[in-house]
Amino acid sequence: MMRLKLREVAAAALRDPRQALLDALGDTSGIEVFHNQVCVATYIAPPKIFKNEKGEDVEWHSTDKGQLEDRFQGKAALVIALGPLAFKDDNIAKFGGAKLAVGDWVMTRPSDGLEFFWGDGKSGVSCRLFDDTNIKARIRNPASIY
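Predicted, not measured: the structure shown is a model, and the values here were computed from it.

Criteria and cut-off values
Residues numbered from 1 in each chain as written. Predicted model: local features only at pLDDT ≥ 70, side-chain atom pairs only at ≥ 80, totals over all residues. Heavy atoms only, no water. Pairing = 2+ DSSP bridges. Helix = DSSP H or I, 4+ residues; strand = E, 2+ residues; numbered from the N terminus. Axes fitted to C-alpha atoms, helices over the stretch in contact; angles between N-to-C directions. Core = buried A, V, L, I, M, F, W, Y, C linked by side-chain atoms within 4.5 Å. Buried < 20%, exposed > 50% of the residue type's maximum accessible area, 1.4 Å probe, protein only. Contact = heavy atoms within 4.5 Å. Polar contact = N/O pair within 3.5 Å; in protein donor to acceptor, adjacent residues only side chain to side chain.

Student: I would appreciate a short explanation of the sheet that holds strand S4 (residues 76–82) in the present structure.
Tutor: Hydrogen bonds between backbone atoms are what pair the strands of a sheet, whose relative direction is either parallel or antiparallel. Across the sheet, six strands lie side by side as S6-S7-S1-S4-S5-S8; this open sheet has antiparallel pairing. Looking at which strands have only one partner, the edges of the open sheet turn out to be strand S6 (114–119) and strand S8 (135–139). Across the sheet, the mean angle separating the axes of adjacent strands is 45° when strand polarity is ignored. As paired strands, strand S5 (residues 105–108) and S8 are joined by four bridges and run antiparallel to one another. Looking at the pairing, Met-107 lines up with Ala-137 of S8.

And the structure:
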């Protein structure tokens, strides 16, 4: 069932990857993030469009294995919730005024986060929780990071 959700998110990402994830997540008001945590949804790459020998657009869908690779190793993610202490200077971390907002694309190292699935109990969207210091960068285009 998880594969079906990955495939749906990837197909919808052709139009708008941010909206594809937001639509797949649905109501996220039930996620309350604590401390300095940042909750993100993993970017799943859309199908690629190629021209065939007749010059027609043809979609090439990644294999299930390729989509799982995005899930496990994808470095781009969409911020969906922030803890009250996220990106606030303390005795250890200094952010130099950097702030994030829900809806920002970020770059992470997936292994630094705790993966979970947000969904209806049958299928869901791959999400992760990170300490704010493990968010590496804000990016404009999630497809530019691989």
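Alright, that's what it looks like, and here's the rest.
Student: Sorry if this is basic, but what is going on with the nonpolar core here?
Tutor: Within the largest apolar cluster, 18 residues are counted, with the highest numbers of intra-cluster contacts made by Leu-21, Ala-41, Ile-80 and Val-125. Every element with two or more residues in this core is listed here: helix H2 (17–25), strand S1 (37–42), S4 and strand S7 (124–131). For Leu-21, the residues in contact, after removing those within four places along its chain, are Val-9, Ala-41, Thr-42, Tyr-43, Leu-78, Trp-105 and Val-125. Counting twelve residues, the second largest nonpolar core, distinct from the first, contains Val-40, Ala-77, Val-79 and Phe-95.

Student: Just checking my understanding: could you explain the side chain of Ser-126 for this structure?
Tutor: Residue placement: Ser-126 occurs in strand S7. Polar side-chain contacts of Ser-126 include one of 2.8 Å to the side chain of Glu-115.

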